[in-house]
Amino acid sequence: KIETVKKSAEKILSVSNATLKIKEKLIFNNFSMDIFKGDRVALIGDNGCGKTSLIKALRKQFELSEGLIHLPNHFKVSYSDQNPEWSTGLLRDYLKKENIDETKFRNILGVMGACGELFERPLESFSKGELKKVELCKSFLKPNDLLIWDEPLNYLDIKSREQLEEVILDSSPTLLFTEHDREFVENVATKVIVM
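So, about the packing of helix H3 (residues 102–111) against helix H4 (residues 128–137). For the pair H3 and H4, the least separation of the axes is 10 Å and the interaxial angle reads 125 degrees. With respect to each other, H3 and H4 are oriented oblique. Judged by the twist between their axes, the crossing of H3 over H4 is right-handed. Contact residues: H3 offers Phe105, Ile108 and Leu109, while H4 offers Lys133, Val134 and Cys137. Here the contact of H3 with H4 is composed, by residue class, of five nonpolar, no polar and one charged.

Written out as structure tokens, the structure is:
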């Protein structure tokens, strides 16, 4: 289950006339979008068109060259990166550091088909699919106003993909995601934006 914040404002995110240049290279230009509560927005486009760069700008990892992003600080946003954030050391150590309940985390991972022995192995020994499940699992832990997922299906097995689709349709979170899998986009997205 994806828990959403019950009393979110209607407009969650607004991007207005956004332009991003990195070392004089134009990544995207004059891009605008609005996301309202309950929207499930798929950002699609060829590799290199700026989807991940836009997500990094939303995370304040990149600063726009022009334009505006309005995402109020009090909104709770859960991110799932294309490249898993936790990839070295022990999973248990990250959970302690982030004050995440290990039992709840284990239960969610178990539902996704990742078993308990993962907690005894270093993250370096995880398959790419296991790392992706850990990365997605973080999104399920706390109520949020907005989920932002960058290519959530990468390295996932078919059963996990189906589970992810099912939980999105059941929970109806407000979601911004990038994904190349057309069937998943068609089944899940309420809006599609081409970059």
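Before going further, it helps to examine the sheet that holds strand E2 (residues 25–36). Strand order across the open sheet formed by three strands is E2-E1-E4, with antiparallel pairing between neighbours. Where the open sheet ends on each side, the last strands, each with one partner, are E2 and strand E4 (66–70). Within this sheet the neighbouring strands show an average axis-to-axis angle of 15 degrees, counted without direction. Where strand E1 (residues 11–22) and E4 come together, four bridges link them in antiparallel fashion. Of the residues in E4, the one forming a bridge with Ser14 is His70. The sheet contacts of helix H1 (residues 51–58) involve E1, E2 and E4, and relative to E2 the element is tilted by about 65 degrees.

The next thing to look at is the sheet that holds strand E6 (residues 146–150). Within the open sheet, the five strands sit side by side as E5-E6-E7-E3-E8. Their pairing is parallel. Each edge of the open sheet carries a strand with a single partner, namely strand E5 (77–80) and strand E8 (191–194). With strand direction ignored, the average angle separating the axes of adjacent strands in the sheet is 15 degrees. Packed on one face of the sheet, H1 meets strand E3 (40–44), E5, E6 and strand E7 (175–178) and runs near 140 degrees to E6.

Another point: H1. In terms of burial, H1 is largely enclosed, as six of its eight residues are buried. The set of residues buried in H1 consists of Lys51, Ser53, Leu54, Ile55, Ala57 and Leu58. Looking one or two places after H1, you find Lys60, whose phi comes out positive at around 65 degrees.

Turning to the packing of aromatic side chains, a few remarks are in order. Tallied over the entire structure, the rule returns five aromatic pairs. Relative to Tyr94, the ring of Trp86 lies with its centre 4.9 Å away and its plane at 15 degrees, an arrangement referred to as stacked. Given the relative accessible area of 5%, Trp86 is considered buried. Ring centres of Phe140 and Trp149 lie 6.2 Å apart, and the angle between their planes is 50 degrees; on these two criteria the pair is classed as tilted. Using a relative accessible area of 7% as the deciding quantity, one classes Phe140 as buried. Overall, Trp149 belongs to the buried group, its relative accessible area being 1%. Following the ring pairs from residue to residue traces out a cluster consisting of Trp86, Tyr94 and Phe105. Above the plane of the ring of Tyr79 lies Arg59, whose end atom (NZ or CZ) is 4.1 Å from the centre.

Rules of the game
- Residues numbered from 1 in each chain as written.
- Predicted model: local features only at pLDDT ≥ 70, side-chain atom pairs only at ≥ 80, totals over all residues.
- Heavy atoms only, no water.
- Axes fitted to C-alpha atoms, helices over the stretch in contact; angles between N-to-C directions.
- Helix = DSSP H or I, 4+ residues; strand = E, 2+ residues; numbered from the N terminus.
- Parallel < 35°, antiparallel > 145°, perpendicular 65-115°, else oblique.
- Left-handed = near helix turned anticlockwise from the far one by under 90°.
- Contact = heavy atoms within 4.5 Å.
- Nonpolar A, V, L, I, M, F, W, Y, C, P; charged D, E, K, R; others polar.
- Pairing = 2+ DSSP bridges.
- Buried < 20%, exposed > 50% of the residue type's maximum accessible area, 1.4 Å probe, protein only.
- Phe/Tyr/Trp six-rings, centres within 6.5 Å; stacked < 30°, edge-to-face > 60°.
- Lys NZ or Arg CZ within 6 Å of the ring centre and 35° of its normal.

This is a description of form; function is not addressed.
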